Amino acid sequence: MYVVTGGAGFIGSQLVRDLLAAGERVVVLDDFSSGKRANLQGLEGELEVIETNVVDGLWAGLGKLDPRWGTPTAIVHLAAQVSVVASLQNPLEDARRNHGATLQVLEYARQHRGVRVVLASSAATYGDVDEVPVRESSARWPLSPYGFHKFSSELALRAYATTHGVPTAALRFFNVYGPRQDPSSPYSGVISIFMKRALAGEGITIYGDGEQTRDFVFVSDVSAALRKAASQDFAGDVFNVGTGAETSINVLAQTVVRLAGSASSIGHAPARSGEVQRSCAELSHARDALKYEPSVGLDEGLAATLAWYAS
Ligand code: UD1
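Only a predicted model underlies this, so the values are computations on that prediction, with no experimental measurement involved. Residue positions are given per chain, counting from 1 as you read along its sequence in written order. For this predicted model, a pLDDT threshold of at least 70 governs which residues receive local features, and a threshold of 80 or more governs which side-chain atom pairs are given and counted, while totals over whole chains, interfaces and linings are taken from all residues. Hydrogen atoms and water are omitted, and side-chain values are computed over all heavy atoms in the structure.

Caption draft 1: A look at the site of the ligand. Whether a residue is near a molecule or strand is decided by its heavy atoms; if any one of them lies within 4 Å of it, the residue is near. The environment of the ligand is formed by 19 residues, the closest being Val190, Thr205, Tyr207, Arg214 and Glu275. For the purposes of these results, a polar contact is taken to be a pair of N or O atoms within 3.5 Å, where, inside protein, one atom must be able to donate a hydrogen and its partner to accept one; residues adjacent in sequence count only when each atom of the pair is a side-chain atom. Between Val190 and the ligand, the recorded distance is 2.7 Å, taken from a backbone N or O atom to an oxygen atom. In this structure, Arg214 approaches the ligand through a side-chain N or O atom, which is 2.6 Å from an oxygen atom. Only the protein chains shown count as cover for residues, and all accessible areas are computed by the Shrake-Rupley method using a 1.4 Å probe. Look at the ligand: alone it shows 730 Å² of surface, and the protein chains cover 84% of it. Secondary structure elements are taken from DSSP: a helix is a run of H or I of four residues or more, a strand is a run of E of two residues or more, and numbering for both begins at the N terminus. Sorting the residues of the shell around the ligand by element identifies helix H6 (190–200) and strand E8 (204–207) as the ones contributing at least two each. Residue polarity is assigned by list, with Asp, Glu, Lys and Arg as charged and Ala, Val, Leu, Ile, Met, Phe, Trp, Tyr, Cys and Pro as nonpolar; anything else, Gly included, falls into the polar class. Classifying every residue of the shell around the ligand by side-chain character gives ten nonpolar, six polar and three charged.

Caption draft 2: Representation of the packing of aromatic side chains. A pair of Phe, Tyr and Trp rings is counted when the ring centres sit within 6.5 Å of each other, with Trp represented by its six-membered ring. The angle between the planes then sorts it: under 30 degrees is stacked, over 60 is edge-to-face, the rest tilted. By the definition in use, this model includes five aromatic pairs. Both rings, one in Trp59 and one in Tyr108, keep their centres 6.4 Å apart while their planes meet at 75°; by these two values the pair is edge-to-face. Of this pair, Trp59 sits in helix H2 (residues 58–63) while Tyr108 sits in helix H4 (residues 91–111), placing them 49 residues apart in sequence. With relative accessibility at 7%, the residue Tyr108 sits in the buried group. Residues Trp308 and Tyr309 carry aromatic rings whose centres are separated by 5.2 Å and whose planes lie at 75° to one another, so their mutual orientation is edge-to-face. A 1.4 Å probe rolled over the protein chains alone gives each residue an accessible area, and that area as a share of the maximum for its type sets the label: buried under 20%, exposed over 50%, partly exposed in between. For Trp308, a relative accessible area of 35% gives the class partly exposed. Over a ring means this: the NZ of a Lys or the CZ of an Arg is within 6 Å of the ring centre and within 35 degrees of the ring normal. It is Arg37 that lies over the ring of Phe32; its NZ or CZ is 3.9 Å from the centre.

Caption draft 3: Summary view of the side chain of His77. One can find His77 in strand E4 (residues 74–77). Here the side chain of His77 touches Thr5 through a polar contact of 2.7 Å, side chain to side chain. Any two residues having at least one pair of non-hydrogen atoms within 4.5 Å are treated as being in contact. Excluding residues within four positions of it along the chain, His77 makes contact with Thr5, Leu58, Ala101, Thr102, Val105, Val118, Leu119 and Ala120.

Caption draft 4: Examining the environment of Ser231 more closely. Position of Ser231 relative to the elements: it lies in the loop between helix H7 (219–230) and strand E11 (235–241). Along the chain, Ser231 and Gln41 lie 190 residues apart, while their C-alpha atoms are 26 Å from each other. Of the polar contacts made by the side chain of Ser231, one reaches the backbone oxygen of Arg227; its length is 3.0 Å. At 3.1 Å, the side chain of Ser231 forms a polar contact with the backbone oxygen of Lys228.

Pasting the structure below:
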């Protein structure tokens, strides 16, 4: 049995689908703050959903796990305050929702021997590093509360593994995209925004000169990495989860417009402040130890994502 906190979110609902398809029993804990019931549509009856506040109520929510479901193989902790901008506006709340919630999951695992903990971490832990592609061992100076709370959560995972023998692993997601990503905020993932606008024939805005790069990883590859991390014992290991390919925002915009057969114009606006210029994952540690191998190329992933937004 797998517990997925944030299982109604964009990444969580993909993981839940993939676990169910593999014949696993799944319990979702979610407060539906950023997750959506619609993301779990069609799965009713196949899984248990415990609606609980994932900050103050996470501990109580884990307490509601029915012993008849068995001890969890792993808790995949995806529930989080997901916005970098919100973390800058309210760092204390971010500490509670990101670092604090992770500690509750770790405490549960300390008290229930054998439960693995897998954390959704982020490339935001790196800050603006010069190294491209970036290795997990690179120096980290995160720039936002979101980034340093993900980093402090990674440190907590490592300490619980070393001090208490709790098996833990953290995955540093790069720029995840795919079906069910919410395009509604200006800070939503760039692919979701570009697709929504391209399909509506609205103008697309690139911030800065568009030569900044990102490593875009399809959500099913992220789900596969999470399942691998949840099915092995690690001791606080940290893994990059990207593709190792760098794509500029200019190329991305042109590709989205072409794939959508859209007449949208592509314009430029001033660069966002505090942006990382280049971002790309070095994958040798994830390949060797996690046996992670991204399998969906950008064109294929963009086409699948576009089909979902168009439906
Ligand atoms: C991403 C993550 C964030 C993480 C950070 C560092 C997402 C949604 N965000 O931020 O959680 O902390 O990496 O690892 O995955 N852009 C445009 N036009 C738009 C929207 C965006 O040009 O309409 C540009 C941005 O300026 C940026 C790039 O596209 O250069 C990617 O933006 P975004 O998808 O917001 O992700 P990151 O800023 O990389």
